[in-house]
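Each chain is listed here by its residues.
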Amino acid sequence: MQLQVARIGKPHGIRGEVTVQVLTDAPEDRFVPGTEFMVEPAAAGPLTVNSARWNKDILLLGFDGIETRNEAETLRGAKLFIETEELDEDDDEGWYEHELVGLEARVGSTVVGKVAALNTGTAQDLLMVTTPEGGEILVPFVEQIVPEVNIEEGYILLTPPEGLFELNADAEAAPSEPEGKA
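A brief structural summary. Worth saying up front: this structure is predicted, and the values here are computed from it rather than measured.

Brief notes about the sheet that holds strand β2 (residues 17-22)
Phase 1 of the analysis: An order of β1-β2-β5-β4-β3-β6 is seen for the six strands of this closed barrel, with the pairing classed as antiparallel. The sheet shows a mean angle of 50° between the axes of neighbouring strands, direction not considered.
Phase 2 of the analysis: Two strands pair when backbone bridges link them, and strand β1 (residues 2-12) and β2 are joined in this way by five bridges, in the antiparallel orientation. Each bridged residue has a counterpart across the sheet, and for Pro11 the counterpart in β2 is Val18.

Take a look at the structure:
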C-alpha cells in the first residue's frame with residue numbers, strides 16, 4: 001500500500017526547485033537526497049530527490065532531471081508517495097489519512113457522518129466529515145474532540161463543542177444574497 005507524504009506546490013526560483021506541502025511527521029527522514037517517490041499522476045514520476053532545504057517554514061525540493069522552472073511547473077499538484085512497508089508498524093503516536101478515511105463519525109451512539117479526509121496543518125490537523133445530507137464539517141483532530149479512534153471497529157468517537165455541527169450546517173444552508181437588496 002502507498003502512503004502520501006507530500007503534495008508538490010509551485011516552482012521556486014529558476015533552477016527547478018518546487019515548494020512542497022509536507023504530509024508527514026518526519027520530513028527530515030523522508031526528504032533526503034537519493035529518496036525515490038512514486039508519483040500521482042504516474043506520468044510525472046518516479047521522482048528522485050537531489051536537494052532538500054527549508055526556506056523559512058517551506059520545504060523546497062529539487063529532483064533529478066528537473067532543472068528549469070518550466071519543468072518544475074509540470075509537477076504542480078503532483079502527489080508524492082512511499083510504500084507503507086517502509087513504515088514502522090509499532091508507531092502508535094498517530095494515524096495516517098488512509099487509515100481514517102471511511103470511518104464512521106459518531107457522537108455517542110449516533111452516526112453523524114463519515115471521515116472523508118485529513119487536512120494536516122501547522123497548528124493542528126482537521127478531519128473532514130461528510131454528513132448523511134452531503135454537508136462537510138471540519139473537526140479539529142485533537143484528543144478533547146476526538147477522544148477515540150477505533151480502526152478495528154471502523155469508527156471515531158466525537159465529543160464536539162456545542163454548535164460545531166450547527167455552525168457548519170448554517171454556513172452551508174445560508175443562501176448568499178447580493179448586498180443592498182432587501
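Read on, since the account is not over.
Section: the sheet that holds strand β12 (residues 155-157)
Phase 1 of the analysis: Here we have six strands laid out as an open sheet, ordered β10-β9-β8-β7-β12-β11, and mixed in their pairing. The strands lining the two open edges of the sheet, one partner per strand, are β10 (136-140) and β11 (148-150). In this sheet, neighbouring strand axes are inclined to one another by 35° on average, regardless of whether the strands run parallel or antiparallel.
Phase 2 of the analysis: As paired strands, strand β9 (residues 126-130) and β10 are joined by five bridges and run antiparallel to one another.

Topic: the nonpolar core
Phase 1 of the analysis: Counting 20 residues, the largest nonpolar core has Ile8, Leu61, Phe63 and Leu80 as the members making the most contacts within it.
Phase 2 of the analysis: Counting residues per element, the ones that place at least two in this core are β1, β2, β3 (36-40), β4 (47-55), β5 (58-63) and β6 (79-83).
Phase 3 of the analysis: Considering each element in turn, this core owes the most residues, four residues, to β1.
Phase 4 of the analysis: Apart from the residues lying within four places of it in its own chain, the contact partners of Leu61 are Gly16, Glu17, Val18, Val20, Phe31, Val49, Ser51, Ala52 and Leu80.
Phase 5 of the analysis: Listed in part, the 18 residues of the second largest apolar core include Ala105, Val112, Leu118 and Leu164.

Let's talk about the environment of Phe63
Phase 1 of the analysis: Relative to the helices and strands, Phe63 resides in strand β5.
Phase 2 of the analysis: Among all residues touching Phe63, those that are not within four sequence positions of it are Ile8, Val18, Leu47, Thr48, Val49, Asn50, Leu75 and Leu80.

Calculation notes
- Residues numbered from 1 in each chain as written.
- Predicted model: local features only at pLDDT ≥ 70, side-chain atom pairs only at ≥ 80, totals over all residues.
- Heavy atoms only, no water.
- Pairing = 2+ DSSP bridges.
- Helix = DSSP H or I, 4+ residues; strand = E, 2+ residues; numbered from the N terminus.
- Axes fitted to C-alpha atoms, helices over the stretch in contact; angles between N-to-C directions.
- Core = buried A, V, L, I, M, F, W, Y, C linked by side-chain atoms within 4.5 Å.
- Buried < 20%, exposed > 50% of the residue type's maximum accessible area, 1.4 Å probe, protein only.
- Contact = heavy atoms within 4.5 Å.

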